[in-house]
Amino acid sequence: MKDTIYLDSLPLKELQTLVLEAGLEKFRAKQIFQSLHKHRNTSIKDIKGLSARDLNWLENEYALTEISIAHVVRSNKDGTEKFLFRLEDENLIEAVYMPYKDRTSLCISSQVGCNMGCVFCASTKGGKARNLSAGEMVRQLYSIEEVTQSSINNIVVMGQGEPLENYTPLVHFLKIVSDPDGANKSLRKITVSTCGLTDKIYALAEEGLPVTLAVSLHRTTDESRTALMPINRKYPLKELLQSIKYYKDTTGRRVSFEYMVIGGENDSLEDAKRLKNMVKYTEAHVNILKLNPIEEYVLKGDPMAAEKFCKTLHSIGVYATFRKSMGQDIEGACGQLRRKFKAGDLKQ
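First things first, this report covers the structure right here in the doc. The structure displayed is predicted, hence computed values, not measured ones. (Residues numbered from 1 in each chain as written. Predicted model: local features only at pLDDT ≥ 70, side-chain atom pairs only at ≥ 80, totals over all residues. Heavy atoms only, no water.)

## Here's the deal with the overall build of the protein chain
Counting its regular elements, the protein chain contains 11 helices and 14 strands. A buried classification covers 54% of the 348 residues belonging to the protein chain. Residue pairs in contact within the protein chain that sit at least 24 positions apart in sequence constitute 64% of those at least 6 positions apart. Summed over all atoms, the accessible surface of the protein chain reaches about 15900 Å², with 48% contributed by carbon and sulfur. (Helix = DSSP H or I, 4+ residues; strand = E, 2+ residues; numbered from the N terminus. Buried < 20%, exposed > 50% of the residue type's maximum accessible area, 1.4 Å probe, protein only. Contact = heavy atoms within 4.5 Å. Areas by Shrake-Rupley, 256 points an atom, 1.4 Å probe, with all protein chains shown as cover.)

Laid out in structure tokens, this is it:
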């Protein structure tokens, strides 16, 4: 039995190959692609410009991705909305919509769960069920744009999962959403987050896709980073920094270090100096974050430690940005809503 091919998971070039192999004219692929990604049709029968015979062939041979909104939580403080999606196989994923004064931003998931094992993250508790298809990633965007009646300016692949572990669907997603015949989103306003899979960082650098790469750094020594992020055993800091430098040199795109501060653990002057050396080598920008605590990993130390560490960095010549957490009153961190829903703590 062959695997189902989902039309909305295919970039335009792959659709062109598909229709040519079926004996159709090449331009039919563009008609299909525009119908799915520009006009946002959710049924094959609604694809415009095809004959009844061709539509019947598509319906018999292929499918479209189906996801539905299972739950929405809205912040009373900053307008953030957290969406829980139910997939066709009943798995659950999350996406977060964040409205700002000058833009709208969307954080989407790339996997069902995560197996990276970062101790501070709710998404990894329980492991990874499976990867998402490009269509499942795309449909998060389309569904939220429809519900919020907004056009998303910025996309962040930083929700559940490690995007670079789901490499091919991620690249397909990037090509689909940036295609002028589809959603036409700017790749320069898309950020891909990673724990630091260096082999995939090298591969992404070669794709010719000018996205921003955000690396979850959080610690400045291998010993402390491995305790927090087990992936560091496989991809230690020296190797990670080399891949980041390669990404910057190859793409011309500056990488961002995501650095979550826990007072007394990673905010010393020595940490700041080590981080300065990393920035000097890679030319990366530093985003300073506060922990959004989960049950297994709660906030420790000085609650103002993140702001203070940002000032310390400034004092030694490192430009860093303190990032205000959005959706704190709705537990906006990755995986928290899905976890509560599965546990029965929310009305289903």
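After that view of the structure, there is still more to cover.
## What to know about the packing of helix 4 (residues 134-148) against helix 5 (residues 167-178)
Look at helix 4 against helix 5: their axes get within 8 Å of each other, and the N-to-C directions meet at 45°. Judged by the inter-axis angle, helix 4 sits oblique to helix 5. The element helix 4 and its partner helix 5 pack so that their crossing is right-handed. Residues Ala134, Met137, Val138, Leu141 and Tyr142 of helix 4 touch helix 5, and the partners they reach there are Pro169, Leu170, His172, Phe173, Ile176 and Val177. In terms of residue class, the contact of helix 4 with helix 5 is built from 10 nonpolar, 1 polar and no charged. (Axes fitted to C-alpha atoms, helices over the stretch in contact; angles between N-to-C directions. Parallel < 35°, antiparallel > 145°, perpendicular 65-115°, else oblique. Left-handed = near helix turned anticlockwise from the far one by under 90°. Nonpolar A, V, L, I, M, F, W, Y, C, P; charged D, E, K, R; others polar.)

## Some remarks on unusual backbone geometry
The phi angle of most residues is negative, glycine excepted, and most peptide bonds adopt the trans form. With a phi angle near 55°, Gln149 is a residue other than glycine that sits in the positive phi range. Relative to the elements of secondary structure, Gln149 occurs in the loop between helix 4 and strand 9 (154-157). Judged by relative accessible area, Gln149 falls into the exposed class, the value being 69%. Notably, His218 is not glycine yet its phi reads approximately 70°, a positive angle. Among the structural elements, His218 can be located in the loop between strand 11 (212-216) and helix 7 (222-228).

## Some words on the packing of helix 8 (residues 237-251) against helix 9 (residues 269-282)
When two helices pack together, their arrangement is captured by the angle between the axes and the distance separating the axes. Relative to each other, helix 8 and helix 9 sit at 35°, their axes nearing to 9 Å. When helix 8 is examined against helix 9, the residues Leu237, Leu241, Gln242, Ile244, Lys245 and Lys248 are found in contact with a partner set consisting of Met278, Tyr281 and Thr282.

## Remarks on the packing of aromatic side chains
Pairs of aromatic rings are described using the distance from one ring centre to the other and the angle between the two planes. Tallying each qualifying case throughout the model produces 4 aromatic pairs. Ring centres 5.5 Å apart and planes at 85° place the aromatic pair Trp57 and Tyr62 in the edge-to-face group. Residue Trp57 is classed as partly exposed on the basis of its relative accessible area of 22%. Ring geometry for Tyr259 versus Phe309: centroids 5.3 Å apart, planes at 15°, classification stacked. You can see Tyr259 sitting in strand 12 (residues 256-261) and its partner Phe309 sitting in helix 10 (residues 305-315), a full 50 residues away along the chain. The class of Phe309 is buried, set by a relative accessible area of 1%. The ring of Tyr142 has Arg40 lying over it, and the distance from NZ or CZ to the ring centre is 3.9 Å. A cation over a ring is seen here: Lys245 above Tyr281, with NZ or CZ 6.0 Å from the ring centre. (Phe/Tyr/Trp six-rings, centres within 6.5 Å; stacked < 30°, edge-to-face > 60°. Lys NZ or Arg CZ within 6 Å of the ring centre and 35° of its normal.)

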